[in-house]
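# Summary of the model geometry
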Number of protein chains: 2
Amino acid sequence: MYLPEHFAETDTARIAEVIATAPLACIVAQTDSGLLANHIPLLTKPDGSLIGHIAKANDMHQTIADGQDVLAIFTSMEAYVSPNFYPSKQEHHRHVPTWNYITVHVHGTIRFQHDRQAKHAAVGLLTRVHERRVNGDSGWKMGDAPADYMAEMLENIVAFRITPTRIEAKSKLSQNREARDYDGAIKGLHASGAHRMADEMTQRVASSAPRE
Amino acid sequence: MYLPEHFAETDTARIAEVIATAPLACIVAQTDSGLLANHIPLLTKPDGSLIGHIAKANDMHQTIADGQDVLAIFTSMEAYVSPNFYPSKQEHHRHVPTWNYITVHVHGTIRFQHDRQAKHAAVGLLTRVHERRVNGDSGWKMGDAPADYMAEMLENIVAFRITPTRIEAKSKLSQNREARDYDGAIKGLHASGAHRMADEMTQRVASSAPRE
């Protein structure tokens, strides 16, 4: 992606956090019938690979070849930034509208897995992580469902693993603005309802070196 | 994309609304150096084409050929749906976790525009629409900026137009659930903070035929 130096995200913890908190990736691949994209929740394994599963009826496990390059796009937040948010605009009017966003692009090779063990592991891991987040200790577990139902569900899915070859990440968060305009953007974002983006920008300043 | 009939979005007004309210598209293309993706705000023209602009420093206007197929992906909302949200889960436990989301995929051919008139029109139109939404009548206008600054800005961008060849849209909103589980999902989504998704699902039921 287009990645000016001041927007490049190189903090691996932050990159991992985007994938963990915005796991619904858009997986893109080139196929014989053109570009193909599907939204699929992914999870990072300790070895860095991404795992997920799809319905067997989703023919991407046939139209995408084993070992083919795919791109998994994660986007954790985005918001419009008006020039009116910047106090300095009143002085020189040298601003144009823009968009802030955080995205991680994982390029890698995909391999589909049809064996029961891989499918069971993918469903189990994804379930555990997401259920804990939403429901804590009372989260749904695979064991809650009848065995015949889970066997049927696993029969109807295909698991896959993406082995990353290149990761690009962008945190486009007004870092190229002077302090008063950065603060103005936070205020304007709150006023326009983009609280998550505003909070993220506030947190980044708080965790960085003191400003002039 | 994988598009089961019950999730296919065929309402053109709803498709247009996704593009209008979630305009930051992820534009994907196959290039000589692999898959390329960039987040760029787009706008629909009355003739159905999508327009936008990029920094001249963004080399996608060189790595993507004029007339090449691209895919513009719009995603207006997404949220995790836990099996615990469904009242019927208590009876038969035949549920697994899933994700709800609304996405529009516009496949089309792209053409880059380097003439000042096209660039001015693209910036003017995008600005007008987004500023009106955020700032109403006090929105920023191109005329607010000094002429030399705007000339410099326009010099540093490239405009483009995507002519759609195929549009696919998916509203994955628990339509395949029985009424009590659909209502339970809305309640659960509110409880987990996914208010926009819950409100969208509430609104869809309200605007559809009475339920049994």
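## Focus on the overall build of chain A
- A tally of helices and strands in chain A yields seven helices and seven strands.
- Reading chain A from its N terminus to its C terminus gives the helix and strand order α-β-β-β-β-α-β-α-β-α-α-β-α-α.
- Along the three orthogonal principal directions, the C-alpha set of chain A runs to about 70 × 45 × 30 Å.
- Looking at the 212 residues of chain A, the share that counts as buried comes to 38%.
- Sequence separation of at least 24 residues holds for 72% of the intrachain contacts in chain A that already meet a minimum separation of 6.

## Topic: the interface of chain B and chain A
- Between chain B and chain A, the contact holds 44 residues from the first and 44 residues from the second.
- For the side of chain B that touches chain A, the secondary-structure elements that each account for two or more residues are β1 (24-31), β2 (34-41), β5 (69-81), β6 (98-113), α4 (116-135) and α5 (147-155) of chain B.
- Ranked by residue count, the leading element in the side of chain B that touches chain A is β2(B), at six residues.
- Each residue belonging to the side of chain B that touches chain A can be placed in one class, and the counts come to 24 nonpolar, 15 polar and five charged.

## So, the relation of the copies chain B and chain A
- In the superposition of chain B on chain A (RMSD 0.0 Å, axial shift 0.0 Å), the rotation amounts to 180°. Both copies of the chain, as the preceding transformation shows, are related through a two-fold rotation axis. Measuring from the rotation axis to each C-alpha of chain B, the shortest distance belongs to Gln30(B), at 3.4 Å.
- A shared binding surface is used by both copies, with 100% of the interface residues of chain B retained as interface residues in chain A.

## Section: the sheet that holds strand β5 (residues 69-81) of chain A
Residues and elements named next belong to chain A.
- On the basis of which strands lie adjacent, the open sheet formed by seven strands has the order β2-β1-β5-β6-β7-β4-β3 and antiparallel pairing. Each edge of the open sheet is held by one strand with a lone partner, namely β2 (34-41) and β3 (43-44).
- Of the pairings in the sheet, the one linking β3 to strand β4 (residues 50-55) comprises two bridges and is antiparallel in character. Bridging from a neighbouring strand, threonine 44 pairs with leucine 50 of β4.
- Running at roughly 105° to β4, helix α4 (residues 116-135) makes contact with β2, β3, β4, β6 (98-113) and β7 (157-172) of the sheet.

## Details of the sheet that holds β6(B)
- Taken in spatial order, the seven strands line up as β2-β1-β5-β6-β7-β4-β3 (chain B) in an open sheet, and their pairing is antiparallel. The sheet is open, and its two borders are formed by β2 and β3 (43-44) of chain B, each paired with just one other strand.

## Regarding the nonpolar core
- Val28(A), Ala72(A), Val28(B) and Ala72(B) are the most contacted members of the largest nonpolar core, which totals 65 residues.
- Once residues lying within four places of it in the same chain are set aside, the contact partners of Ala72(A) are Ala25(A), Ile27(A), Leu42(A), Leu50(A), Val106(A) and Ile162(A).

## A few points about the environment of Ala121(B)
- Looking at the secondary structure, you find Ala121(B) in helix α4.
- For the pair Ala121(B) and Ser171(B), spaced 50 residues apart in sequence, the C-alpha to C-alpha distance is 32 Å.

## Considerations on the environment of Glu9(B)
All names here are of chain B.
- Position of glutamate 9 relative to the elements: it lies in the segment before α1 (12-21).
- C-alpha of glutamate 9 to C-alpha of glutamate 168: the two residues are 159 residues apart in sequence and 7.7 Å apart in space.
- If sequence neighbours within four positions are ignored, glutamate 9 has contacts with Arg14, Ile15, Ala169, Lys170 and Ser171.

## As for the pairing of β2(A)
Residue and element names in this part refer to chain A.
- Relative to β2, strand β1 (residues 24-31) is paired through eight bridges, and the arrangement is antiparallel. Note that in β2 the partner of cysteine 26 across the bridge is histidine 39.
- The antiparallel hairpin formed by β1 and β2 contains two residues in its connecting segment.

## What about the packing of helix α6 (residues 179-191) of chain A against helix α7 (residues 195-206) of chain A?
Residue and element names in this part refer to chain A.
- Taken N-terminus to C-terminus, the directions of α6 and α7 make an angle of 155°; their axes are 7 Å apart at the nearest point. Taken together, the axes of α6 and α7 are roughly antiparallel relative to one another. The chirality of how α6 crosses α7 is left-handed. From α6, Ala185, Ile186, Leu189 and His190 reach across to α7, where they touch His195, Met197, Ala198, Met201 and Thr202.
- Of the residues in the contact of α6 with α7, the class split is six nonpolar, three polar and no charged.

Analysis parameters
Position numbers for residues count from 1 along each chain, tracking the sequence in the order it is written. The lettering of chains begins at A and the numbering of ligands begins at 1, in the order of writing. Under the rules for a predicted model, residues below a pLDDT of 70 receive no local features and side-chain atom pairs below 80 are neither given nor counted, while totals for whole chains, interfaces and linings still include all residues. Segments assigned H or I by DSSP are reported as helices when at least four residues long, segments assigned E as strands when at least two residues long, and all are numbered from the N terminus. Residues are called buried when their C-beta atom has 20 or more other C-beta atoms within 10 Å, exposed when it has 12 or fewer, and partly exposed otherwise; all C-beta atoms are positioned from the backbone. By the criterion used throughout, residues are in contact when their C-beta atoms, derived from the backbone, lie within 7 Å. Gly is put with the polar residues, along with every residue not named as nonpolar or charged; the nonpolar set is Ala, Val, Leu, Ile, Met, Phe, Trp, Tyr, Cys and Pro, and the charged set is Asp, Glu, Lys and Arg. In superposing the copies, a least-squares fit is computed on C-alpha atoms, taking residues whose pLDDT is at least 70 in both. Paired strands, as defined in this entry, are two strands with at least two bridges between them according to DSSP. Lines fitted to the C-alpha atoms define the axes, with helices restricted to the stretch that makes contact. Angles between their N-to-C directions range from 0 to 180 degrees. Each nonpolar core comprises buried Ala, Val, Leu, Ile, Met, Phe, Trp, Tyr and Cys residues, the members being joined through C-beta atoms within 7 Å. Just so you know how the angles are binned, under 35 degrees is roughly parallel, over 145 roughly antiparallel, 65 to 115 roughly perpendicular, and the rest oblique. Take the far helix as the reference: if the near one is turned anticlockwise from it by less than a right angle, the crossing is left-handed, and if turned clockwise, right-handed.

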